[in-house]
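Report on the structure
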Amino acid sequence: MPRATSEKFTRTHQPSAVASKAKGEAVGGRNPLFNTERFGQHILKNPGVARDIVDKANLRPTDRVLEVGPGTGNLTVLILEKAKQVTAIEMDPRMAAELSKRVQGKPEQRKLNIMIGDFVKADLPYFDVCISNTPYQISSPIIFRLLSHRPLFRVAILMFQREFAMRLVAQPGTSLWSRLSVNVQLYASVDHIRKVDKANFRPAPEVDSSVVRIVPKDPPPPVKFEEFDGLTRILFTRRNKTVHANFQAKGVYKMLEQNWKTWCAETGQMVEDEVNFKERVDQLLEETGYADNRAAKMSVDDFLKLLSAFHDLGVHFA
């Protein structure tokens, strides 16, 4: 994929609707000019919903805003009314050209920087707020890319497919509580803002969407994401099985023992001869009281306490 770069745009090389139709593209449910299907994008066409999304960000005149997947700019033009500067990252050069044309010759043109390319690979600028009608294909990557970005942003207002959004705000003991829920809520507070019916998009997706507000925890918890994710990956393999049962899965003890030996070597610790590593891990699970717990009902704090106990033993997950 192309690296995200700032560019100027013209419509010179855009195919006409007639030419697109000749290639077999439908002009009913899909927009023949743009790769909406290829990039998992659905253009928000309801101006009232767009206005509500931007209003929920509580933008300040000094804010620098990052928008991911602006499409033809229905959200962008509203953001430009309130923010100091907007950086819009768009995969489809033709959509970027349409957005550029939309502000051409207007005062807002000087406030807009368009980057063409892959958000996941782009060098992100400083930003205070992120607003996005998120392309489906990068729903998970955008969350973790944003939460790992420094300096921390103030707030993100993001729209996702409804089930994905509800997993972000799920609570322990509910059917949607998942590894995604835990990993995101470790680093941020997540609130559901509103539901958006699929009829508000062009082309209409198969499911409804929801908008969430994400506020990073500042300061972030002093936990390496790779470590926390390594633990949750094991325990959510079978979310309704006990913690002890998930650790007995093939390869888990062997992987952790190798990590432990690496830690011992790096810290100058002596590796005991014929140590029963499985027994040591099982004893830790019993002593912490988590052996019979299930990931489906464990809170973020539970995972943190368990991870801390393993670290005290010199056992790491990454």
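Position labels on residues start from 1 in each chain and follow its written sequence. The predicted origin of the model limits local features to residues at a pLDDT of at least 70 and limits the giving and counting of side-chain atom pairs to 80 or more, whereas totals for whole chains, interfaces and linings rest on all residues. Processing note: side-chain calculations cover all non-hydrogen atoms of the structure and skip hydrogens and water entirely.

**What to know about the overall build of the chain**
Put simply, the rule reads: We count a stretch as a helix when DSSP gives it H or I for four or more residues in a row; a strand needs E for two or more, and each element gets its number in order from the N terminus. Three labels apply to residues, based on accessible area from a 1.4 Å probe with only protein chains included: buried if under 20% of the type maximum, exposed if over 50%, partly exposed otherwise in between. A contact between two residues is defined here by any heavy atoms of the two lying within 4.5 Å. Reported accessibility uses the Shrake-Rupley method at a 1.4 Å probe radius. Residues are deemed covered only where the shown protein chains occlude them.
Of the regular secondary structure elements, the chain holds 12 helices and 10 strands. Counting over 318 residues, the chain shows a buried share of 50%. Contacts in the chain between residues at least 24 apart in sequence constitute 70% of all its contacts with a sequence separation of at least 6. About 15,800 Å² of surface is accessible on the chain, with carbon and sulfur atoms providing 49% of the total.

**Some details on the packing of aromatic side chains**
To keep it simple, the criterion reads: Paired rings are identified among Phe, Tyr and Trp, the last through its six-membered ring, by centres lying within 6.5 Å, and are further divided according to the angle between planes into stacked (under 30 degrees), edge-to-face (over 60) and tilted (the rest).
According to the stated counting rule, one finds 10 aromatic pairs in the structure shown. Three or more aromatic residues joined by ring pairs make a cluster, and in this case those are Phe144, Tyr187 and Phe225.

**Brief notes about the pattern of salt bridges**
To be explicit about the condition: One side-chain nitrogen of Lys or Arg within 4 Å of one carboxyl oxygen of Asp or Glu is enough to make a salt bridge.
In this structure the tally under the stated criterion is 12 salt bridges. Notably, a salt bridge pairs Arg154 with Asp63, separated by 2.7 Å at the nearest N-O pair. Here Asp63 lies in the loop between helix 2 (47-55) and strand 3 (64-68) and Arg154 lies in the loop between helix 5 (139-148) and strand 7 (155-161), a separation of 91 residues in the sequence. Using a relative accessible area of 2% as the deciding quantity, one classes Asp63 as buried. Taking the shortest distance from any N to any O, the salt bridge between Lys195 and Asp208 comes out at 3.5 Å. Taken together, the positions of Lys195 in strand 8 (residues 188-196) and Asp208 in the loop between strand 9 (201-202) and strand 10 (209-216) put the pair 13 residues apart, joining distant regions of the chain.

**Overview of the UniProt feature "binding site: S-adenosyl-L-methionine" (unreviewed entry) in the chain**
For clarity, the threshold we go by: UniProt positions are given in the numbering used here, feature names are shortened, and annotations may be inferred rather than shown by experiment.
When the UniProt feature table is mapped onto this chain numbering, "binding site: S-adenosyl-L-methionine" (unreviewed entry) sits at His42, Leu44, Gly69, Glu90, Asp118 and Asn133. Secondary-structure assignment places Gly69 in the loop between strand 3 and helix 3 (76-80). Judged by relative accessible area, which is 10%, Gly69 ranks as buried.

**Details of the side chain of His42**
Rules: The term polar contact refers here to a pair of N or O atoms within 3.5 Å; inside protein, the definition further demands a hydrogen-donor-capable atom paired with an acceptor-capable atom, and it admits residues adjacent in sequence only when both atoms are side-chain atoms.
Its location among the elements puts His42 in the loop between helix 1 (17-22) and strand 2 (43-44). In this structure the side chain of His42 is engaged in a polar contact, spanning 2.7 Å, whose partner is the backbone oxygen of Pro203. With sequence-adjacent residues up to four places away left out, His42 is seen in contact with Asn133, Tyr136, Phe201, Arg202, Pro203, Ala204 and Pro205.

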